[in-house]
Amino acid sequence: MSILIDRATRLCVSGITGREGTFHAMNNRRYGTQVVSGVTPGKGGQDVDGVPVFDTFRDAVAETGANTAMVFVPARFAADSILEAADAGVHTIVAITEGIPAHDELRVSAHLRRYGGVRLIGPNCPGILSPGKANVGIIPAAFFKPGNVGVVSRSGTLTYQIGNELAQRGFGNSSIVGIGGDPVPGSTFIDVLELFEADDETEIIVMAGEIGGSAEEEAAEYIAEHVTKPVVAYIAGFTAPPGKTMGHAGAIVSGSKGTANAKAEALEAHGVRVGRTPSEVSDIVVEILGG
Amino acid sequence: MDLLEYQGKQLLARHGVPVPDGRPAGTVDEAVEAAEAIGYPCVVKAQVQIGGRGKLGGIKVAESREQAREHAEAILGMDIRGLRVHEVWIEQASQIAAEYYASIVFDRSAQAPLIMLSTKGGMDIEQVAEEDPGAIAKLHVDPLLGYQDFHGRRLAFEAGVDPDVVRPVGALLAKLYQAFVSEDATLVEVNPLIITPERDVRALDAKVTLDDNALFRHPESAALRDLSAEDPQERMAKERGLIYVKLDGDVGILGNGAGLVMSTLDVVALAGGRPANFLDAGGGSKADAIVAAVEVILSDDKVRAVLFNIFGGITRCDEVAKGLIEAFGQVQPQVPFVVRLDGTNDEEGRRLLQEAQLPDLEVCATMLEAAERVVALAAATPALQAR
């Protein structure tokens, strides 16, 4: 098994006719993902290398049975596209777009929670990879193979770094989920931890957090109560100064809150081991699973 | 984007929040002119984003033209904890019967705006929160419903504001909320919110943070500047489309992706080094972005050595290598470079670097090894400023 995406995923790509949208949609298809359709308003009836393009998500879902959406449109149109995909009835939405206004994210997230039945991953995330099954997003799949380590992360390249270190030690992944670096993520660590806990294939979970907010602290409490599988954590930003946004809109330490130390302490207090470097994370995984 | 006090007040005033009459001034003459127009007594306030500027001599009351000149001369150009004062705000002096606190913040865990109201205004709210948490009334607003009048009443009664101002305080919160949403703010804080002897409610200070991602909807806000808070290197980086944060160490750092760059800073610090900056060259970094990044990093003359830590996903390592080779041709760096390339097209990238035989550039296989090497090189190299 894997989580969120697999061989049954039927993907519709919003923004498929854009340069990045085309590139990554085709990349995902080459990996084996069923890319069944795309949406670009005004370009309905065209196709991108054989993938039919529709004017609306409603048409795309009705005609091609899409159950998953990937959003690649520019930031100012992205919230609208996410809402349109949800309205059309897909159950999973992966929003890659970065730079979406925070108030838009707030409205989207509040609406989706009320609406029910739709899971949003991202925005500002690298997507999801279930090695050997499907790739939705921009994760460079060549570095990962099937296995039993579930990875959930707020950062893209950091995910690759940690995943690569694990791969070099011989570990593969059930799924790799980038939840994104924005202040209002569609799915939190807790949402993804819950899925990994229920996934037969996942034996151990690696979570990579970073400074800002309190998602890691909340995850720590959740793990103590609800997760029976071992969890190994990494936190980026021990040396980040307060008051400065470190690249991700969500990565800012305000006052005494959101520091890497506070997060590491909260996790360790709840029995989660924290690696101080990406290499140390794989050392701990080796120790727990046996290398 | 953090606004200066007066920029925040002007923004709030546009949404009907009552603020004292005032004018900004960038020179002593402008300040005197503003004081004459406003009348005496008036307050000359340094415009820098730092708490406690009053205690540091940045806020002074003027009773006359002469005093206004004297205070403007003293405050303009002064240094407040490392920030130079480029502007003052001349404001009508206010009579104060009571000082409250009001704010709206973006509460990520609740995924909703959080309004806070307290009658303990005029002091550090974090201190109030620690010593007397019950003194702060809090309420989340459903972002799809928006602010309702009962929110204001509930907050005002819970905070214990004077009964005669429950209604006007609620009305002011409504306007703050309107400003928070329609201006795409992530923070609106008024401390103190004053009650005058005539029982009027006014914002005597304003701290507003706007969402950079939404500035495309607010061209008038996008044009606002805070000269005192802008570091020259950070401005240079911004103009070149790079995400750069200046730190105070001597190891220049470039990586791709915010998380990996933060992690690189940590690993360098663990190896005993002190990072000079955070620089995210972004996904898909092309050669010209790398050239710009090298220029920005080396414009900080405290830098003794530079680390490039790239894990290629969308970013192609051969592009990064080409950019580095081009940068060495244009800039001729005077400090050693350590480069770690992994991921998409890494072998090709390393081959290009090897063939180019750049002076003072070493390639390391892992992130840890690269961090240790750059720290050793920084310790052995004098800083540019010391030469």
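Up top is the structure these notes are about.
What counts and what doesn't
Residues numbered from 1 in each chain as written. Chains lettered and ligands numbered in written order. Predicted model: local features only at pLDDT ≥ 70, side-chain atom pairs only at ≥ 80, totals over all residues. Heavy atoms only, no water. Helix = DSSP H or I, 4+ residues; strand = E, 2+ residues; numbered from the N terminus. Buried < 20%, exposed > 50% of the residue type's maximum accessible area, 1.4 Å probe, protein only. Lys, Arg positive; Asp, Glu negative; His and termini not counted. Salt bridge = Lys/Arg side-chain N within 4 Å of Asp/Glu carboxyl O. Contact = heavy atoms within 4.5 Å. Axes fitted to C-alpha atoms, helices over the stretch in contact; angles between N-to-C directions. Parallel < 35°, antiparallel > 145°, perpendicular 65-115°, else oblique. Left-handed = near helix turned anticlockwise from the far one by under 90°. 1 Å grid on protein atoms, 1.4 Å probe; cavity = no way out; pocket = protein on both sides within 12 Å on 5 of 7 lines; lining within 4 Å. Points joined across faces, edges and corners; volume = space filled by probe spheres on them. Nonpolar A, V, L, I, M, F, W, Y, C, P; charged D, E, K, R; others polar. Phe/Tyr/Trp six-rings, centres within 6.5 Å; stacked < 30°, edge-to-face > 60°. Pairing = 2+ DSSP bridges.

Trainee: How would you sum up the side chain of Asp211(B)? Please name residues and give values.
Mentor: By the secondary structure assignment, Asp211(B) is in the loop between strand 12 (207-210) and helix 7 (219-222). For the buried residue Asp211(B), which engages in no salt bridge, the nearest side chain bearing the opposite charge is Arg217(B), 6.2 Å off. Not counting chain neighbours up to four residues away, the residues in contact with Asp211(B) comprise Pro101(A), Ala102(A), His103(A), Asp184(B) and Thr186(B).

Trainee: Would you mind going over the packing of helix 10 (residues 287-298) of chain B against helix 11 (residues 317-331) of chain B in detail, with residue names and values included?
Mentor: All names here are of chain B. Interaxial distance between helix 10 and helix 11 falls to 7 Å at its minimum, and their mutual angle equals 50°. Classified by the angle their axes make, helix 10 and helix 11 are oblique. Here the hand of the crossing between helix 10 and helix 11 comes out right-handed. Contacts from Ala 287, Ile 290, Val 291, Val 294, Glu 295 and Leu 298 in helix 10 reach Glu 319, Val 320, Lys 322, Gly 323, Leu 324, Glu 326, Ala 327, Gln 330 and Val 331 in helix 11.

Trainee: A description of the layout of surface pockets should follow, citing residues and the corresponding values.
Mentor: By volume, the second largest pocket amounts to about 540 Å³. If you trace the second largest pocket, you find 27 residues lining it, with Pro185(A), Gly186(A), Thr188(A), Asp191(A) and Gln111(B) closest to the centre. Residue assignment for the lining of the second largest pocket shows that the elements contributing at least two residues are helix 4 (102-115), strand 7 (119-121), helix 6 (189-198) and helix 7 (215-226) of chain A. Here the residues of the lining of the second largest pocket are counted per class, giving 10 nonpolar, 10 polar and 7 charged.

Trainee: Requested: an account of the packing of aromatic side chains, with residues and values cited.
Mentor: Each aromatic ring pair is specified by the distance between its two centres and by the angle formed by the two planes. Residues and elements named next belong to chain B. In total, this model carries 9 aromatic pairs over all chains according to the counting rule given. Taken together, a centroid distance of 6.5 Å and an interplanar angle of 45° make the contact between Phe 106 and Phe 180 tilted. A residue pair is termed long-range when its members are at least 10 positions apart, and Phe 106 in strand 7 (residues 98-107) and Phe 180 in helix 6 (residues 166-182) qualify at 74 residues. The class of Phe 180 is buried, set by a relative accessible area of 0%.

Trainee: Give a detailed account of the sheet that holds strand 14 (residues 273-275) of chain A, specifying residues and quantitative values.
Mentor: Residue and element names in this part refer to chain A. Strand order in the open sheet made by the 7 strands is 9-8-11-10-12-13-14, with mixed pairing throughout. The sheet is open, and its two borders are formed by strand 9 (134-137) and strand 14, each paired with just one other strand. Adjacent strand axes in the sheet meet at a mean angle of 20° when their direction is disregarded. The sheet contact formed by strand 8 (residues 127-130) and strand 9 spans 4 bridges and is antiparallel. Residue pairing in the sheet places Ile 128 in a bridge with Val 136 of strand 9. The strands touched by helix 7 are strand 12 (204-210) and strand 13 (231-236); relative to strand 12, the strand with the most contacts, the crossing angle is about 155°.

Trainee: Any details on the pairing of strand 10 (residues 185-195) of chain B? Residues and values, ideally.
Mentor: Working note: regular strand, side chains alternate between the two faces of the sheet. Residues and elements named next belong to chain B. Judged by how many residues are buried, strand 10 sits mostly within the fold: 10 of 11 residues are covered. For strand 7 and strand 10, the ladder comprises 7 bridges, and the chain directions are antiparallel. Bridge pairing in strand 10 links Ala 98 to Ile 195. Count of turn residues in the strand 10/strand 11 (residues 201-203) antiparallel hairpin: 5 residues, of which Arg 199 carries a positive phi of about 70°.

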